[in-house]
Every structure is written in C-alpha cells, then in structure tokens.
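If you want the building blocks of each chain, they are given just below.
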Amino acid sequence: MSGQDKINWDNRYKNSKVSEMPWYNPDIDSDLEKALKSLNLNSGTFLDLGTGPATQANKLSEKGFRVTGTDISAEAVYLAKQTFENIEFIQDDILDTKLQHKFDYIFDRGCFHVIDIEKRDIYCKNVFHLLNESGLIFLKCFSNKMPENDLEPHRISEADIKKTFNNKFILEDLWHTEFINSNPQQTKALFVILRKNTPL
Ligand SMILES: C[S@@+](CC[C@H](N)C(=O)[O-])C[C@H]1O[C@@H](n2cnc3c(N)ncnc32)[C@H](O)[C@@H]1O
C-alpha cells in the first residue's frame, strides 16, 4: 500500500478551499487545449474523471462538449454541483464504477497517478468500458522525470503507460510537459492520448 491509498479525499475537500489545492487551475489545461485543437474536437461527450474542483469540466462545457464530472469524493461532487449548476456531477469510484453510459472522450488530470499500481489493470478495464468505439483518453500525470516519493502521486513513465494500456488502447501521442497550477515549483508531467482499440 502506498501513501496515496491512505488519502482521504473527502477530508481534503472539507478542510481546504478548492482554490488553494495544489492542482487547482481555473483555466483549461494547456496540454488538453493543444490536443483538442490538433484533433479539431469541439463537440461530443466528455467524462472528466476525478473532476475535483471541476474547473476542467467547466471549461470543456464552455467549449461545447456535453460533460459529466465524476469524483470518488462526495464532498468534491457536492462543491462542484454548487459551483457549476449546469454540469452533471456524479460521485463515482473509477475502480468500482457504477456509471451506466459511455463517452466519446475521457479527461483524467491527476487521477490515474494516485491509483495504486496493482489496481491499474482495473482502471484500464473500466475506462475501456466507459468509452464509445474509438473513444479517446486524454491523460495527464506526474512523470518519472522526478524522483518517486512515498507521500506523493506515483511517477509514471512511458513504459508504465504501455504496460497498463497496450492490450486495450492504441497510444496515439505522448509528450513531456508540466503541471501549471498554484504550486510555484512546477511539476514534471506526461500528457498521453490513447485511443480505444475496438477489434473489427
Ligand atoms: C489531483 S486531484 C485532480 C482534480 C482535477 N482533475 C483537477 O485537475 O483539478 C485528483 C482527484 O481524483 C479524485 N480521485 C482519486 N481517486 C479516485 C477514484 N478512484 N475514482 C474517482 N476519483 C478519484 C480525487 O478525489 C481528486 O479530486
């Protein structure tokens, strides 16, 4: 069990303002924006997985996507509903998802890297089932260009991505980047685009 497994997300959302959380970014994530532009995407259904402060869900909705935000934390979902009344938010654990409908796209900014390494296969199986045929995942996570630290999210390498997703997804693109947020020390990140591999 890593330090990540012990995080009580509800307590974090109860005890701090979302705008003071290190991942808070009121703007659309610049890597997601770059990916959407390069693929010329501006409509369809989006799941913002691990939506937290829901700023990304809101920006995607403003761009014209039909967005559902989910989070394991009931408190985060409660706050998101209060802040962005026009967006659907559902409390849901991606490792035991109860979602009934499928999506064209999934954005995961900062959730995959907190998933326990042994549970990555479950994550992969569940996001596969939540996507429509040829659907895309946009995944942003901490990268292994920083040393691993027991108390912080896992550092993910390109090899980790391939190992987790290779059977069910095609790796469309991957680049090294940073998390730009309220944390003055910028965090090295990977941005990954994966396409659901639907057998013919
Ligand atoms: C680092 S925060 C990122 C929040 C948001 N995506 C953003 O970029 O502002 C990670 C989020 O993932 C959520 N989370 C953690 N484990 C989860 C799980 N198993 N299923 C769904 N959400 C989860 C947490 O509650 C938290 O809100």
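Note that the structure is predicted; figures quoted are calculated from it, not measured.

Calculation rules
- Residues numbered from 1 in each chain as written.
- Predicted model: local features only at pLDDT ≥ 70, side-chain atom pairs only at ≥ 80, totals over all residues.
- Near = placed C-beta within 6 Å.
- Helix = DSSP H or I, 4+ residues; strand = E, 2+ residues; numbered from the N terminus.
- Nonpolar A, V, L, I, M, F, W, Y, C, P; charged D, E, K, R; others polar.
- Buried ≥ 20, exposed ≤ 12 C-beta atoms within 10 Å, placed from the backbone.
- Pairing = 2+ DSSP bridges.

Asks: Give a description of the site of the ligand that names residues and reports values.
Replies: Trp 9, Gly 50, Gly 52, Arg 109 and Gly 110 are the nearest of the 20 residues found near the ligand. Among the secondary structure elements, those contributing two or more residues to the shell around the ligand are helix H3 (55–62) and strand E2 (66–71). Partitioned by chemical class, the residues of the shell around the ligand number 9 nonpolar, 8 polar and 3 charged.

Asks: Requested: an account of unusual backbone geometry, with residues and values cited.
Replies: Here Asn 40, not a glycine, exhibits a phi torsion of approximately 55°, which is positive. If you trace the backbone, Asn 40 turns up in the loop between helix H2 (30–39) and strand E1 (45–49). For Asn 40, a count of 6 C-beta atoms within 10 Å corresponds to the exposed category. The backbone of Ala 54 sits at a positive phi, close to 70°, despite the residue not being glycine.

Asks: Lay out the pairing of strand E5 (residues 131–142) in plain terms, naming residues and giving numbers.
Replies: Most of E5 sits out of view: 9 of its 12 residues are buried. Looking at chain direction, strand E4 (residues 103–109) and E5 are connected through 6 bridges and run parallel. Considered in E5, the bridge of Arg 109 is made with Lys 140. By the bridge criterion, 7 bridges tie E5 to strand E7 (residues 187–196) in an arrangement that is antiparallel. Among the inter-strand pairings, Leu 139 is bridged to a residue of E7, identified as Val 192.

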